[in-house]
Amino acid sequence: MDYIIETRALTKKYGGKIAVKDACVHLRKGDIYGLIGKNGAGKTTLMKLILGLVNKNAGEIKLFGSENADAGRRKIGSLIEAPAIYKNETAFENMKRFSYLAPTTDDEIKRLLDLVGIGDTGSKKAGAFSLGMKQRLGLGIALLGSPEILVLDEPINGLDPAGIKEVRDIILDLNAKGITFMISSHILDELGKIATVYGIMSNGTLEEITAEDLKAECRSALKIVVDDGEKAASVLRSEFPSVEFEKYGEVISVTTQGADAAALNRALVAAGVSVYELKNEGMEFEDYFIERLGK
Ligand SMILES: Nc1ncnc2c1ncn2[C@@H]1O[C@H](COP(=O)(O)OP(=O)(O)OP(=O)(O)O)[C@@H](O)[C@H]1O
Ligand SMILES: [Mg+2]
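Residues numbered from 1 in each chain as written. Chains lettered and ligands numbered in written order. Predicted model: local features only at pLDDT ≥ 70, side-chain atom pairs only at ≥ 80, totals over all residues. Heavy atoms only, no water.

Quick notes on the site of ligand 1
Around ligand 1, the structure places 13 residues, and the nearest of them are Asn39, Gly40, Lys43, Thr44 and Thr45. Gly42 places a polar main-chain atom, nitrogen or oxygen, 2.9 Å from an oxygen atom of ligand 1. Considered on its own, ligand 1 offers 630 Å² of accessible surface; in the complex 61% of this is hidden by protein. Looking at the shell around ligand 1, the elements with two or more residues in it are strand S2 (17-23) and helix H1 (43-51). With 3 residues, the single largest contributor to the shell around ligand 1 is H1. Residues of the shell around ligand 1, tallied by class, amount to 3 nonpolar, 6 polar and 4 charged. (Near = heavy atom within 4 Å. Polar contact = N/O pair within 3.5 Å; in protein donor to acceptor, adjacent residues only side chain to side chain. Areas by Shrake-Rupley, 256 points an atom, 1.4 Å probe, with all protein chains shown as cover. Helix = DSSP H or I, 4+ residues; strand = E, 2+ residues; numbered from the N terminus. Nonpolar A, V, L, I, M, F, W, Y, C, P; charged D, E, K, R; others polar.)

Encoded structure:
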């Protein structure tokens, strides 16, 4: 398998505290990699490590198959945290200023500004932009130099639902044109749902799952709604020790593939548990993430 971003056991500590621990990233050309995790999970730090904005304490980074990460980084555009824009300049002037590393024609800058939806801001200074407009300008700046990969840290921060949809459409459009993405998010929002592969971060550790496997895993869940979740859980634990499940209040979500629904039902009823509902229903994506992101 050819990965264009690949890390091995990447680790970063701030002082004594581990921010990213043994992270193994596998990102292929054309992927939209959704990095999901709560505040402080290590998303920004992992992105900064890949971009070379902070130094790693241990591990390896390969970009485009090469250990020479600096060369690879030239093909990556990024938007990390709030974009550093010049408040007293227009969107166009900002783009012009940031294009010094990758000389860009005025027409191309105009095209990029249209693409990110701020082509009509004219003489308005960036300092007077809304948060959403600033995010769009940051996205435009990240697109300078025709990058092959865009690493975007919370690109929909501060956007309203319509803005989120627009940024999502921009990403899908660019992805269709061959740009690979790594995007971070707190929650599984509209952006999270376009990912082809997920990196789930919790306390600095990373767990990867493809969207396809995630779908399969969610589909395999058997949902049992009972009157007494605690009792149902203890019956299942004692009578079906090999069956794995999660308890959400009075809902039991069985994750073991091919569990015998009828046998589970009989055992629960025999133990005096009322079974209101029992069906092979995909676990919601949200449930899957909530379970893995930690409480
Ligand atoms: N410059 C720094 N100095 C010290 N500790 C830091 C620094 N940057 C991050 N950390 C710590 O590293 C951990 C991971 O932070 P990071 O910003 O990568 O998380 P995150 O997932 O991006 O969070 P958020 O969703 O809030 O953006 C946190 O515990 C944070 O406090
Ligand atoms: Mg962050």
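That covers the picture; the talk isn't over yet.
Examining the sheet that holds strand S8 (residues 180-185)
Reading across the sheet, the 6 strands line up as S6-S7-S8-S4-S9-S10 and stay open at both edges, with mixed pairing between neighbours. Of all strands in the sheet, those bounded by a partner on one side alone are strand S6 (76-79) and strand S10 (205-210). On average, adjacent strands in this sheet sit at an angle of 15 degrees to one another, irrespective of strand direction. Relative to S8, strand S4 (residues 32-37) runs parallel, the two being bridged by 5 bridges. Bridge pairing links Ile32 to Phe181 in S8. In the packing of helix H5 (residues 131-142) onto the sheet, contacts are made with S6 and strand S7 (149-152), and the angle to S6 comes to roughly 165 degrees. (Pairing = 2+ DSSP bridges. Axes fitted to C-alpha atoms, helices over the stretch in contact; angles between N-to-C directions. Contact = heavy atoms within 4.5 Å.)

Things to note about the pattern of salt bridges
This model, assessed by the stated rule, comprises 13 salt bridges. Between Glu166 and Arg136 there is a salt bridge, and its shortest N-O distance comes to 3.0 Å. Within this pair, whereas Glu166 is found in helix H6 (residues 161-176), its partner Arg136 is found in helix H5, the two being separated by 30 residues in sequence. Note on Glu166: relative accessible area 39%, which makes it partly exposed. Measuring nitrogen to oxygen at the nearest pair gives 2.8 Å for the salt bridge that ties Lys165 to Asp169. Separated by 4 residues within a single helix, Lys165 and Asp169 lie in helix H6, roughly one turn from each other. A relative accessible area of 48% places Lys165 in the partly exposed class. (Salt bridge = Lys/Arg side-chain N within 4 Å of Asp/Glu carboxyl O. Buried < 20%, exposed > 50% of the residue type's maximum accessible area, 1.4 Å probe, protein only.)

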